[in-house]
Amino acid sequence: RAILNGIPAVDEYKKMEKKYNQIAKNMYIVEGNFHADLAMIKRHVDKHVRIRKTKPVVVVDYLQILLPESDRLTDKQAVDRNIVGLKRLSREFDIPVLLISSFNRENYANTVSYASFKESGAIEYSSDVILGLQLLVVHEVAEEKNKTKKENILNDAKNKIPREVELVILKNRNGKAFDRMLFNFYPHVNFFEETDYSEDLKKLLGLKSDVL
């Protein structure tokens, strides 16, 4: 927290460096440079398994910039086929694949749902777990009828530090869905801080006290 507040803390930096050095040695970042496709991802996974003798956790950032299998496909067809291909990759190598997706612009002011995910219906059917991240203020925005007021509320929330954001579990194949978690997001350091739901917040969302 001292670092987030801009207070010099040598000891804190040293702790962070030690911690991230342990993590960094197990991370491999492959720049797609807008030329990444399923075949490229599969080659890297296969190479990793053969050389390192371990199974990686694959993170794809992000879905909509993966190249299509064919130029003849529509945007939706291309995205759906890439999702199915990543699911096949997960099963073939028995590895988890974490896929990041952008949202449709028209859904920025609405609460997160399956319809929020850009150009894709296959996400709902192929994924084991689906998480949606949204500004907490969208609950208030969804109730507001005036377009200008909607935009002002959203802009104020985006400019706020920290931003209050909500993680919604839309699907959990082997567990409970529609759970929620609240975070404070510090954009200048790309840091999420988990916070607790208060009784007032539960009332705002129309949730029972024993839901979370």
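Let us look at the structure shown here. Quick caveat, the model's predicted, so the values are computed rather than measured.

### Things to note about the pattern of salt bridges
Here's step 1: As enumerated under the stated definition, the model contains 9 salt bridges in all.
Here's step 2: We note a salt bridge from E92 to K42, for which the minimum N-O separation is 3.3 Å. Of the two residues, E92 is situated in helix 3 (residues 75-93) and K42 in helix 2 (residues 38-52); the sequence distance between them amounts to 50 residues.
Here's step 3: With a shortest N-O distance of 3.0 Å, R50 and D46 are connected by a salt bridge. Here the residue R50 and the residue D46 both occupy positions in helix 2, the gap between them amounting to 4 residues, near one helical turn.
Here's step 4: The exposure class of R50 is partly exposed, given its relative accessible area of 48%.
Here's step 5: A single salt-bridge network, built from bridges that share partners, covers K87, D128 and R173.

### Describing the pairing of strand 1 (residues 58-61)
Here's step 1: By the alternation rule, side chains of strand 1 split into V58 and V60, which are all buried, and V59 and D61, of which none is buried.
Here's step 2: Bridge count for strand 1 against strand 2 (residues 97-100) is 4 bridges, and the pairing is parallel. Bridge pairing links V60 to L99 in strand 2.
Here's step 3: For the crossover that starts at strand 1, traverses helix 3 and ends in the parallel strand 2, the hand is right-handed.

### Points about the pairing of strand 4 (residues 163-172)
Here's step 1: Counting buried residues in strand 4 gives 7 out of 10 residues, a clear majority hidden from the surface.
Here's step 2: The sheet contact formed by strand 3 (residues 129-135) and strand 4 spans 7 bridges and is antiparallel. Across the sheet, the residue bridging to L131 is I169, located in strand 4.
Here's step 3: Relative to strand 5 (residues 180-186), strand 4 is paired through 6 bridges, and the arrangement is antiparallel. Bridge assignment links R163 to a residue of strand 5, and that residue is F185.

### What about the sheet that holds strand 4?
Here's step 1: Here we have 4 strands laid out as an open sheet, ordered 3-4-5-6, and antiparallel in their pairing. Two strands bound the open sheet, and with one partner strand each, they are strand 3 and strand 6 (191-195). Ignoring strand direction, the axes of neighbouring strands in this sheet form an average angle of 35°.
Here's step 2: Relative to strand 6, strand 5 runs antiparallel, the two being bridged by 5 bridges. Within strand 6, the position partnered with N184 by the bridge is E193.

### Considerations on the packing of aromatic side chains
Here's step 1: Under the definition given, this model contains 4 aromatic pairs.
Here's step 2: Seen from their ring centres, F103 and F117 are 5.4 Å apart, and the 90° between their planes marks the pair as edge-to-face. Taken as a pair, F103 in the loop between strand 2 and helix 4 (122-126) and F117 in the loop between strand 2 and helix 4 lie far apart in primary sequence, 14 residues in all.
Here's step 3: Judged by relative accessible area, F117 falls into the buried class, the value being 7%.
Here's step 4: Arranged with centres 6.2 Å apart and planes meeting at 40°, the rings of Y186 and F191 form a pair that is tilted.
Here's step 5: Three or more aromatic residues joined by ring pairs make a cluster, and in this case those are F183, F185 and F192.

So, how was this worked out
- Each chain carries its own residue numbering, running from 1 in the direction its sequence is written.
- Totals for whole chains, interfaces and linings use all residues, but because this is a predicted model, local features are given only for residues with pLDDT of at least 70 and pairs of side-chain atoms are given and counted only at 80 or more.
- Note: side-chain values were computed over all heavy atoms of the structure, leaving out hydrogens and water.
- Salt bridges are defined by distance alone: a side-chain nitrogen of Lys or Arg within 4 Å of a carboxyl oxygen of Asp or Glu.
- Numbering of helices and strands runs from the N terminus, with a helix taken as a DSSP run of H or I at least four residues long and a strand as a DSSP run of E at least two residues long.
- The rule is simple: take the accessible area with a 1.4 Å probe, protein chains only, and divide by the maximum for that residue type; under 20% is buried, over 50% is exposed, in between is partly exposed.
- Pairing between strands is defined by DSSP: at least two bridges between the two strands are required.
- Place the viewer so that the strands point away; then a crossover is right-handed whenever the path from the first strand over the helix to the second strand goes clockwise.
- For every element, the axis is a line fit to its C-alpha atoms; helices are fit only across the contacting stretch, and the angle between N-to-C directions ranges from 0 to 180 degrees.
- Each pair of aromatic rings taken from Phe, Tyr and Trp, with Trp reduced to its six-membered ring, is defined by centres within 6.5 Å and is described as stacked if the planes are under 30 degrees apart, edge-to-face if over 60, and tilted in the remaining cases.

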